[in-house]
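Examining the three-dimensional arrangement
One letter stands for each residue in the lines below.
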Amino acid sequence: MFAYAIRRLLVAVPTLFVIITLAFFLMRLAPGGPFDSDRVLPPAIEKNIMAHYNLDLPLWQQYLKYLGGLVQGDFGPSFRVRDFSVAELIMSGFPASLQIGGTAILLAVMIGVSLGAFAALRQNSLTDYSVMGVAMVGIAVPNFVMAPLLTLVLGVYLSWLPVAGWGGGAFANKVLPIVALALPQIAYISRLTRGSMVEVLNANFVRTARAKGLREQLVVVRHALKGALLPVVSYLGPATAAVITGSVVIETIFDIPGIGRYFIQGALSRDYTLVMGVMIFYAVLIMVLNLVVDLLYAVLDPKVRYT
Amino acid sequence: MIHTTASADAMAGMEELEGRSLWQDARIRLFRNKAAVVSMVVLGIIAVMAVLAPYLSPHPYDEVYWERIQMGPDFENAHWFGTDGNGRDLFVRTLYGARVSLMVGILATTVSLIIGVTYGAVAGYVGGRVDNLMMRFVDVMYSLPFMFFVILLMVIFGRNIFLIFIALGAVEWLTMARIVRGQTLSVKRKEFIEAAHAGGVSSVKIIFRHIIPNVLGPVIVYMTLTIPQVILTESFISFLGLGVQEPLTSWGVLISEGARVMEQSPWMLMFPALFLAVTLFAFNFIGDGLRDALDPKDR
Amino acid sequence: MFLKHFKRASLSIGLAVALAGTAGAETVLRVGNMGEPATLDPHHVAGTWENRIIGDMFMGLTTEGPDGSVVPGAAESWTISDDGLTYTFKLRDHSWSDGTPVSADDFVFALRRILSPELAAKYASLLYPIKNAEEINNASVADLSQLGVRAVDAKTLEITLVAPTPYFIEQLTHYTAFPVPKHLVEQHGDDWIKKGTIASNGAYMLDEWVPNTHVRLVKNDGFYDAANVTIDKVEFFPSEDRGAVQKRFRSGEIDIAKDFASEQFDFLKKNLPDETRVAPYLGIYYYPVNTNKPPFDDKRVRQALSMAIDREAITDKVLKTGEVPAYSFVPPGTGNYGDPAFVDWMDVPYKERVAKAKALLAEAGYGPDNPVKLTLSYNTSENHKRIAIAVAAMWKQLGVQAELFNQEVTPHYNKLEQNDFDVARAGWIADYNDAQNFLYLLETRTGRQNYGRYSNAQFDDYMAKAANTTDMDKRAQYLRSAEAIAMEDQPVIPIYYYVSKNLVSNSVVGWEPNVKDIQRTRYLSIKP
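Just so it is clear, the model here is predicted, and its values are computed rather than measured. (Residues numbered from 1 in each chain as written. Chains lettered and ligands numbered in written order. Predicted model: local features only at pLDDT ≥ 70, side-chain atom pairs only at ≥ 80, totals over all residues. Heavy atoms only, no water.)

1. Focus on the interface of chain B and chain A
It is common to give the size of an interface as the accessible area that goes away when the parts come together. The line we're drawing: Only heavy atoms enter the contact rule, under which two residues are in contact if any of them lie within 4.5 Å. Buried area is a sum: the accessible area each of two parts loses on coming together, probed at 1.4 Å, counted once for each and added. We define a salt bridge as a contact between a side-chain nitrogen of Lys or Arg and a carboxyl oxygen of Asp or Glu at a distance within 4 Å. Polar contact is defined as a pair of N or O atoms within 3.5 Å, subject to the rule that within protein one atom must be able to donate a hydrogen and the other to accept it, and that residues adjacent in sequence are counted only when both atoms are side-chain atoms. Each helix corresponds to a stretch of at least 4 residues labelled H or I by DSSP, and each strand to a stretch of at least 2 residues labelled E; elements are numbered beginning at the N terminus.
Across the contact, 59 residues belong to chain B and 68 residues belong to chain A. Buried area between chain B and chain A, summed over both chains or domains, comes out near 5700 Å², and the portion from carbon and sulfur atoms is 68%. Along the contact surface separating chain B from chain A lie zero salt bridges. On the surface where chain B and chain A come into contact, there are two residue pairs in polar contact (both at pLDDT 80 or more). Secondary-structure elements contributing two or more residues to the side of chain B that touches chain A are helix H6 (128–143), helix H7 (146–157), helix H8 (161–187), helix H10 (203–239), helix H11 (251–260) and helix H12 (266–294) of chain B. In terms of residue count, the dominant contributor to the side of chain B that touches chain A is H10 of chain B (twelve residues).

Laid out in structure tokens, this is it:
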């Protein structure tokens, strides 16, 4: 397994290279440039700016320059934000995203798995339907509705929690964003858990275990749940990466200094280097988390072997 | 190891024999599930309303009523759901929105289902180097900026609502592929598969006859999760100006418009959101019903 | 009532939030600034949200008074030569926040820096009225000392212009003309703007900038007028989500919100009547028409399109935020101008206008059998969308088939610059309070910013005449004649004049609405 992990990490390097190359050229195909705005720049000034950012070079030279910088750990300057480099922006934004996203995903796994298992054990009963129904609210009410609703009720009307802002990372400021971020995840995870749990509960080895007279609790926890978690774990890899790299909607509504906004803002304003930087960061996270998921598979299911 | 030792040969044979009755059986089970049946009826009603939208309201979907801008439900003028910020009837717009959202939801999910299930099953079943390569490709796709992908499609092929389906489906299949691959990895070690393999059944046949039916459970559950995701992503794309263009609309667009004025004009949020929620619930219960009905171990 | 009650209840938490970032009984002004600054370097700044921050930190030769009018800043007094070309400024005795005195050299250094091609400053063109500024910026003159700016002595600065420029004194309040501390920029290069190396000459100095969290300024005790500055700290929050900012304002987490959504105006007016502040603003919302492309090269088609727009319906029924229907390109009240030249059909009742528009279209060869088909482009925004829908509905009565085309902002303006559109949404906020700043958009030589590529020799002629006269009345006349031509030709369809929309807490004292929407913190105070 260790060798497998090493091999995967080695494969990651060319994968990353492919991603960078594809993204670099794809992005330049999109219409509009980083300096298009309602103020047209006089030709002389535009020329100065293009030269300043090397945008006047042929594309392949820009690409090589960018790669050269990357090798030295330089993500380049942002095209829009002047006073911070891309690396500084990511480093200052990631802790906030990680705190909010990490907590949300943990919360979602705990609540989601419990709800899902609970519902599965009472399959097709009223309890099952109501638990799943409540969980579905997290999906059926999109977060751009849920988040303003939460702030309106808990922040403006009841004044229990701050409406928005980071507050230097105060706990009160994190509650609502975490809840808003966790709700849909709870829904997804509980549904996945319930689905595969129902399946596993009907599987032969669980039936046998039950027939052998093992205690119900033990059957559920040791055998059923473990098997049922496979699809959940599959889902968690990319979901975790997506959640801890921040959600643009949540960050905008709650004014959280995460990196989720950089991607969309960067893409909209054609801030090529910022988008590339966030994307590379995200790609590395995805690959690491997917590796973790694959290794977890082997732990959860002895039939999955890596050689 | 707690495993039954039922003859794998016999099991494989049984499935061959019962090939047709599997689906008949599933249908009977599905129709026995009350929640699923009610959901199908509800979805049917919404779909029929969407199709008949022009005949259900006296108002065209794009008519601007200058005297009735952003007004609450008003039965005198037949604005049952009120009007939007441009004085257009919200009832008929909600139904037109249903057309776009339901189509996006179903078609994009189908695209993602076909690609994802096939891809995941092949990767998981074949394994080894091929699996590795295929999954790295998924990694690449995951990390590529989805938005540029969509923008590019629009730029290259022009604006077309069907492109949204393709773009969304082409992005949403990734997680599906991972889930199917994971399931396949564990199913393929099962005795009846190994037996079928030893018995000389071709790989393609094994994948489609044995692997896929056995991984359908989580796939269907995930599918019912994909539908809402796709419907909401569509609203984001439309918001960027790449999806449906005014005066056409979708639920996602109506809801994001309504969310902005939820305090002042709650009806603008309530009605489209209600339709979306009911639809998603219905899909969800149908999904559960289907899953139960198709569960091979339950038969 | 209901709201007020909740607002008071929330004060405690609002305070707690405020205190989390500060200490003691200082007065803090918290501003919902509607944008994350891209930079604090005055030479690279390009947005109003950045101006709000650096305008508190730096002070140009002239600066804004409490009501936005021009008052002496770093210069105590000045004289202008008779030909209107040479300005001599006497600097005030004051220092950078690190104690170094501000000298005329700092101004010379700053103006040379922003104009040097290597710096690639976006807004440098605003300084082109200065002698040789344009030549230095486009690298045709390499010798920076050729710039028409000279330090006569440590406290005397002389600026020479290319042509008499009646708005020059006002332009000096703009951030492009801010001084920078020569000794620090020379030592630290572009990094001088970071905390620890920065010094400013205004009422406040940088305390902290956490990206996407806040920019905090603290009072500069060395400021020449520090005795009259009462607010100790200013915090600028970057959120662009107007709904969220509005909620933060209502819960007492911020004192001033620099914008709110039009849809929410009715609600705000009802619930926060004293705190919702709307005022005229120096800007025009308009639809440029592509004059290069048939059928829009036909003046009659453009006139018909313009006449058929019921601007009152848009401002009163769609926007409802007090915007003023526009029948001219230059907003009324613009400096050095007087009344703008309105379209001559301004007072014709709407019904008659529609009939006239139909007749014009028929004359041009268009009608029910041969409808004008066009694409109306707008960039992503709720208001742009709602206006476009309304306009399309109005054009429908002429038989014009308008297809709406929504794009994100970058490709939208990219297409406009490249003259690749039929009719599109655009807006212009004046850089300085002068009619020329609007009308130059329609000159042939303006090029890409003249989106519709309008070209009329007579118009250009009047603009050139206006540029070369020192007689203010004559100049205004020339400009008005030019505008009258443009309003007859309708290369741009004016829709409405902008308004500034603010939410200002009742506890903020000294906040005055004005056409530039600039209220510097040094003039404000907070009621306990």
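2. Some words on a nonpolar patch on the surface
Quick reminder of the rule: Nonpolar side chains (Val, Leu, Ile, Met, Phe, Trp, Tyr) within 5 Å and like charges within 9 Å form the patches, drawn only from residues with over 30% relative accessible area and no salt bridge. The accessible surface values rely on the Shrake-Rupley method and a 1.4 Å probe; as for residues, cover is taken only from the protein chains in view.
Taken together, the side chains of Val-284, Val-288, Val-292, Leu-296 and Val-299 of chain A define a hydrophobic patch exposed on the protein surface, amounting to about 360 Å² of accessible area. Inspection of the secondary structure assignment puts Val-299 of chain A in helix H12 (residues 272–300).

3. A word on the nonpolar core
Basically, it comes down to this: Within this scheme, the nonpolar core is defined by two criteria: the residues are buried Ala, Val, Leu, Ile, Met, Phe, Trp, Tyr or Cys, and they are joined through side-chain atoms within 4.5 Å. Here the term buried applies to any residue with accessible area under 20% of the maximum for its type, exposed to any over 50%, and partly exposed to those in between, with areas from a 1.4 Å probe on protein chains only.
By size, the foremost hydrophobic cluster in this structure holds 131 residues, and its most contacted members are Leu-61, Phe-89, Leu-115, Ile-130, Leu-157, Ile-159 and Leu-217 of chain C. Take this core: its biggest share by element is 14 residues, from H12 of chain A. Residues contacting Leu-61 of chain C, with those up to four places away along its chain left out, are Pro-72, Gly-73, Ala-74, Ala-75, Phe-89, Leu-91, Phe-107, Leu-157, Ile-159 and Leu-172 of chain C. Judged by nonpolar contacts, the second largest core, of 109 residues, contains Ile-105, Ala-108, Leu-192 and Ile-253 of chain A.

4. Points about the confidence of the model for chain B
Applicable threshold: Along the chain, pLDDT gives the predictor's confidence residue by residue, from 0 to 100.
Per-chain confidence: chain B averages 79 in pLDDT, with 84% of residues scoring 70 or above. Confidence metrics for the complex model read pTM 0.84 and ipTM 0.83.

5. With respect to the interface of chain B and chain C
The test is simple: As a working rule, the residues Ala, Val, Leu, Ile, Met, Phe, Trp, Tyr, Cys and Pro are called nonpolar, Asp, Glu, Lys and Arg charged, and the rest polar, with Gly in that last group.
In this complex, chain B contributes 23 residues to the contact, which on the side of chain C involves 24 residues. A salt bridge links Lys-385 of chain C to Glu-246 of chain B; its shortest N-O distance comes to 3.7 Å. The interface formed by chain B and chain C holds eight residue pairs in polar contact (both at pLDDT 80 or more) in total. The set of elements that each furnish at least two residues to the side of chain B that touches chain C consists of H10 and H11 of chain B. With three residues, the top contributor of residues to the side of chain B that touches chain C is H11 of chain B. For the side of chain B that touches chain C, the residue count by class is eight nonpolar, seven polar and eight charged.

6. Digging into the sheet that holds strand S15 (residues 401–407) of chain C
Residues and elements named next belong to chain C. To be explicit about the condition: Two strands are said to pair when DSSP picks up at least two bridges between them. Orientation is described by lines fitted to C-alpha atoms, with helices fitted over the stretch in contact, and by angles between N-to-C directions that extend from 0 to 180 degrees.
Read from one edge of the open sheet, three strands run S15-S14-S16, paired in parallel fashion. A strand with exactly one partner marks an edge of an open sheet, and here the two such strands are S15 and strand S16 (423–424). Bridging between strand S14 (residues 373–379) and S15 involves seven bridges; their strand directions are parallel. Considered in S15, the bridge of Ser-377 is made with Phe-405. Relative to the sheet, helix H12 (residues 382–396) contacts S14, S15 and S16, its axis offset from that of S14 by approximately 165°. Helix-sheet contacts for helix H13 (residues 409–417) involve S14, S15 and S16, and the interaxial angle to S15 is about 125°.

7. Focus: the packing of aromatic side chains
Rules: Two rings from Phe, Tyr or Trp (for Trp, the six-membered ring) form a pair when their centres sit within 6.5 Å of each other. Planes less than 30 degrees apart are called stacked, planes more than 60 degrees apart edge-to-face, and all others tilted. Charges are assigned to positions over rings by a cutoff of 6 Å between ring centre and Lys NZ or Arg CZ, combined with an angular limit of 35 degrees from the ring normal.
Throughout the structure, instances matching the rule amount to 41 aromatic pairs over all chains. Through a chain of ring-to-ring contacts, three or more aromatic side chains come together here, namely Trp-80, Phe-81, Phe-91, Trp-251, Phe-271 and Phe-275 of chain B. One cation-aromatic arrangement involves Arg-92 of chain C over Tyr-224 of chain C; the distance from NZ or CZ to the ring centre is 4.1 Å. Just above the ring of Tyr-337 of chain C sits the side chain of Arg-480 of chain C; from NZ or CZ to the centre is 5.5 Å.

8. Overview of empty space enclosed by the protein
The probe, sized like a water molecule, is rolled over the atoms to show the empty space still left. Applicable threshold: Grid points spaced at 1 Å over the protein atoms alone were grouped into cavities, where a 1.4 Å probe fits but cannot get out, and pockets, open sets with protein on both sides within 12 Å along at least five of seven lines, with lining residues defined by an atom within 4 Å of a point. Grid points are joined across faces, edges and corners, and a volume is the space filled by probe spheres set on the points.
Per the stated rule, a full pass over the model turns up eleven cavities of 30 Å³ or more. Space inside the second largest cavity adds up to approximately 100 Å³. Together, 13 residues line the second largest cavity, and Gly-85, Glu-257 and Met-268 of chain B together with Glu-382 and Arg-386 of chain C are the ones closest to its centre. Its residues assigned to classes, the lining of the second largest cavity shows three nonpolar, three polar and seven charged.

9. Quick notes on the side chain of Asn-86 of chain B
Within the secondary structure, Asn-86 of chain B is located in the loop between helix H4 (53–56) and helix H5 (90–126). Within polar-contact distance, the side chain of Asn-86 of chain B engages the backbone oxygen of Arg-386 of chain C at 2.9 Å.

10. Description of the environment of Val-11 of chain A
Turning to its location among the elements, Val-11 of chain A is positioned in helix H1 (residues 2–29). Taking the C-alpha atoms as reference points, Val-11 of chain A and Leu-89 of chain A, separated by 78 residues in sequence, lie 28 Å from one another.

11. Re the sheet that holds strand S6 (residues 149–153) of chain C
Residues and elements named next belong to chain C. Reading across the sheet, the four strands line up as S4-S5-S7-S6 and stay open at both edges, with antiparallel pairing between neighbours. Where the open sheet ends on each side, the last strands, each with one partner, are strand S4 (75–80) and S6. The sheet shows a mean angle of 25° between the axes of neighbouring strands, taken without regard to direction. In the sheet, strand S5 (residues 86–91) pairs with strand S7 (residues 156–160) via five bridges, with the strands oriented antiparallel. For Thr-88, the partnering residue across the bridge sits in S7 and is Glu-158.

12. With respect to the side chain of Thr-334 of chain C
Tracing the sequence through the fold places Thr-334 of chain C in the loop between strand S13 (324–325) and helix H11 (350–363). At 2.5 Å, the side chain of Thr-334 of chain C forms a polar contact with the backbone oxygen of Pro-331 of chain C.

13. Points about helix H5 (residues 126–140) of chain A
Residue and element names in this part refer to chain A. Operational definition: What a helix should span is 1.5 Å times the count of its residues minus one.
For H5, with 15 residues, the first-to-last C-alpha span of 20 Å sits near the 21 Å given by 1.5 Å per residue. Regarding H5, the residues found buried are Asp-128, Val-131, Met-132, Gly-133, Ala-135, Met-136, Gly-138, Ile-139 and Ala-140. Measuring from the backbone nitrogen of Thr-127 back to the side-chain oxygen at the start of H5 gives 3.3 Å, which picks out Ser-125 as the cap.

14. Considerations on the pattern of salt bridges
All names here are of chain C. Per the stated rule, a full pass over the model turns up 44 salt bridges over all chains. Ionic pairing is found between Arg-113 and Asp-41, a salt bridge with its closest N-O pair at 2.9 Å. On the criterion of sequence distance, the pair formed by Arg-113 in helix H3 (residues 104–115) and Asp-41 in the loop between strand S1 (28–32) and helix H2 (48–57) is long-range, its members being 72 residues apart. Overall, Asp-41 belongs to the buried group, its relative accessible area being 2%. Glu-417 serves as the salt-bridge partner of Arg-448, at 3.7 Å between the closest nitrogen and oxygen. Placement of the pair is Arg-448 in the loop between helix H14 (436–439) and helix H15 (457–467) and Glu-417 in helix H13, with a sequence separation of 31 residues.

15. So, unusual backbone geometry
With an omega dihedral of 5°, the bond running from Glu-246 of chain B to Pro-247 of chain B counts as a cis peptide bond. One can find Pro-247 of chain B in the loop between H10 and H11. Cis geometry is adopted by the peptide bond preceding Pro-295 of chain C, which originates at Pro-294 of chain C and carries an omega value of 0°. In this fold, Pro-295 of chain C is placed in the loop between strand S12 (276–288) and helix H9 (299–307). Look at Ala-78 of chain B: it is not a glycine, yet its phi comes out positive at around 60°. By the secondary structure assignment, Ala-78 of chain B is in the loop between H4 and H5. With a relative accessible area of 12%, Ala-78 of chain B lands in the buried category. You will see that Ala-139 of chain C, though not glycine, has its phi angle at about 70°, which is positive. By secondary structure assignment, the location of Ala-139 of chain C is in the loop between helix H4 (133–137) and S6.

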